[in-house]
Amino acid sequence: MAKTQHTPRRFREDLSETPDWLKKKKCPNRDKYLSGERILPNNITGKEKLADLVDRTFLAYNSARLKEGCQLFVDKMLEGDVTVGMSFAGALTPAGLGCSSIVPLIKAGFVDWIVATGANLYHDLHFALNYPVRVGSFKMDDTDLRDNDIVRVYDVLLGYSDCLMATDEILRAILVQPEFQKEMGTAELHYLLGKYAAEWERKTGLKDVSVLAAAYRAGVPCYTSSPGDSTIGMNVAGVELRGNKLRVNPSIDVNETTAYVLAAKRAGGKSAVVLWGGGSPKNFMLQTEPQIQEVLRIKEYGQDYFLQVTDARPDTGGLSGATPSEAVSWGKVDPTRLPDAVVCYTDTTIALPIVTHYALARHKPRKLRRLFDQRGKMVQALTKEYFLHNKAKMLDGSKPVF
Ligand SMILES: NC(=O)c1ccc[n+]([C@@H]2O[C@H](COP(=O)([O-])OP(=O)(O)OC[C@H]3O[C@@H](n4cnc5c(N)ncnc54)[C@H](O)[C@@H]3O)[C@@H](O)[C@H]2O)c1
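Since the structure is predicted, the reported quantities are computational estimates derived from the model, not experimental observations.

(A) Inspection of the sheet that holds strand β1 (residues 82-88) at higher detail. Spatially, 6 strands are ordered β7-β2-β1-β9-β10-β11 in an open sheet, and the strand pairing comes out parallel. Among the strands making up the open sheet, the edge pair consists of β7 (222-224) and β11 (341-345). When strand polarity is set aside, the average angle formed by the axes of neighbouring strands in this sheet is 15°. In the sheet, strand β10 (residues 305-310) pairs with β11 via 5 bridges, with the strands oriented parallel. The partner of Phe306 across the bridge, within β11, is Ala341. With respect to the sheet, helix α12 (residues 250-266) is in contact with β1, β2 (113-116), β7 and β9 (270-276), its orientation differing from that of β7 by roughly 130°.

Set out below in structure tokens:
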């Protein structure tokens, strides 16, 4: 981290034209306000390492927020006793951020649980299946693209029948396999898909290109907050028409994610959230604390660390742009922890590779927490605490099992 440089103080007495009234003015907090690092960065040479560039030249506005985010992530969130959840909204995997950033974060143990839009996990499959996603342009003629069997995500292009529909066909063939014929939450659904994605990676000779495959190998549970709102959900619905028995139960997801946050606290550790974009993944990750406090009525105080990168403004009232201090009022963030909350207004496609690089450069890998394997045990502990804190009874009069 860059050291604070102390500026030689220029005394008022030295300024001959300073009027007497100003010379006599008492400024008790002046030194405190001006105790920050002096803005006087070295000339950039092209030889700097990225993490040093961040520390030394990201000095104001959103660059400074990004630096604070990098430092918060590395200095506090990656401590051994912190459980880190990350949410991902926006079209990140089509832009290559799964391969470049999310997979390395998973492998290094820098993310313990994930909530993503279904789209991010669906488009991740093209990478495992070796169906190319290509750089295009946002200026292209969309009618001509449609005529040429191509779909566009801003300046990213995908083949319609040889990438999208081909992925769907394989996905449907996977979803009708015996292990999918039951009710499950999305962590289990994505874990099972991840097993196939890992096998496809192996078959195609591509290594570490798929988030689902990496999460499967690392035991990182991946949730989606809107299971029906993606091409994975569309294909789940499609095969249900043919009698497929897979039923996705979002309440399983709510209880499991809540159990991770409570388990982190009860183990004497901390809980951190890193929110890439907003949307329903952001809320799904943050609602774990209101679930503990408001619904299960267990005494708790909110998230310990909060980092969000977003383009959304707070003044429209949408959750995507809601600030950590607003989240305090809902019990989502511990008010005593607000100094450890950073919001950076920028594009995730810029910030995520920088934060990933910074973290890998500045912090050694962490032991994998493998929360996927601990879901049952943690939900049991949550259930136990719920019944201990409440006069609730089982609806059928039986004794609660935990
Ligand atoms: N083929 C598919 O499966 C498919 C494709 C697209 C969207 N969807 C679905 O539509 C829903 C919305 O998804 P979405 O990806 O459009 O999310 P979104 O655009 O709703 O993202 C939520 C918020 O995150 C912020 N955000 C988005 N991209 C950002 C970026 N690059 N940098 C900073 N902030 C950013 C914005 O404030 C946005 O309002 C999801 O449920 C998704 O699964 C599905």
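(B) Layout of the pattern of salt bridges. Under the criterion given, the structure shown has 26 salt bridges. Across the salt bridge formed by Arg369 and Asp112, the nearest N and O atoms sit 3.2 Å from each other. Remark: Asp112 occurs in the loop between α5 (97-107) and β2 and Arg369 occurs in the loop between α16 (348-362) and α17 (375-389); sequence separation between them is 257 residues. On the basis of relative accessible area, Arg369 is assigned to the partly exposed category, the value being 25%. For Asp112, a relative accessible area of 4% translates into the label buried. With a shortest N-O distance of 3.9 Å, Lys265 and Glu289 are connected by a salt bridge.

(C) Local environment of the environment of Thr336. By the element assignment, Thr336 lies in the loop between α15 (324-329) and β11. Remark: the alpha-carbon pair of Thr336 and Asp112, spanning 224 residues in sequence, is separated by 24 Å.

(D) Up close: the nonpolar core. By size, the foremost hydrophobic cluster in this structure holds 71 residues, and its most contacted members are Phe73, Ile106 and Trp276. Within the second largest apolar cluster, 26 residues are counted, among which are Tyr260, Phe284, Leu286 and Leu371.

(E) Layout of the packing of α5 against helix α10 (residues 211-218). It is the contact of α5 with α10, at a shortest axis distance of 9 Å, that shows an interaxial angle of 5°. Taken together, the axes of α5 and α10 lie roughly parallel to each other. The segment α5 lies against α10, with Gly98, Ile102, Val103 and Ile106 engaging Val211, Ala214, Ala215 and Ala218. Its residues placed into classes, the contact of α5 with α10 shows 7 nonpolar, 1 polar and no charged.

(F) Fine view of the site of the ligand. By nearness alone, 20 residues border the ligand, and Asp229, Thr231, Gly278, Asp311 and Thr348 come closest of all. Backbone polar atom of Asp229 to an oxygen atom of the ligand: 2.7 Å apart, as the coordinates give it. Measuring from a nitrogen atom of the ligand, one finds a backbone N or O atom of Thr348 at 2.9 Å. Burial of the ligand by the protein chains amounts to 68% of its free accessible area of 820 Å². Per-element tally for the shell around the ligand: the top contributor is helix α6 (residues 118-128), with 3 residues. Along the lines of polarity and charge, the residues of the shell around the ligand split into 4 nonpolar, 13 polar and 3 charged.

What counts and how
Residues numbered from 1 in each chain as written. Predicted model: local features only at pLDDT ≥ 70, side-chain atom pairs only at ≥ 80, totals over all residues. Heavy atoms only, no water. Pairing = 2+ DSSP bridges. Helix = DSSP H or I, 4+ residues; strand = E, 2+ residues; numbered from the N terminus. Axes fitted to C-alpha atoms, helices over the stretch in contact; angles between N-to-C directions. Contact = heavy atoms within 4.5 Å. Salt bridge = Lys/Arg side-chain N within 4 Å of Asp/Glu carboxyl O. Buried < 20%, exposed > 50% of the residue type's maximum accessible area, 1.4 Å probe, protein only. Core = buried A, V, L, I, M, F, W, Y, C linked by side-chain atoms within 4.5 Å. Parallel < 35°, antiparallel > 145°, perpendicular 65-115°, else oblique. Nonpolar A, V, L, I, M, F, W, Y, C, P; charged D, E, K, R; others polar. Near = heavy atom within 4 Å. Polar contact = N/O pair within 3.5 Å; in protein donor to acceptor, adjacent residues only side chain to side chain. Areas by Shrake-Rupley, 256 points an atom, 1.4 Å probe, with all protein chains shown as cover.

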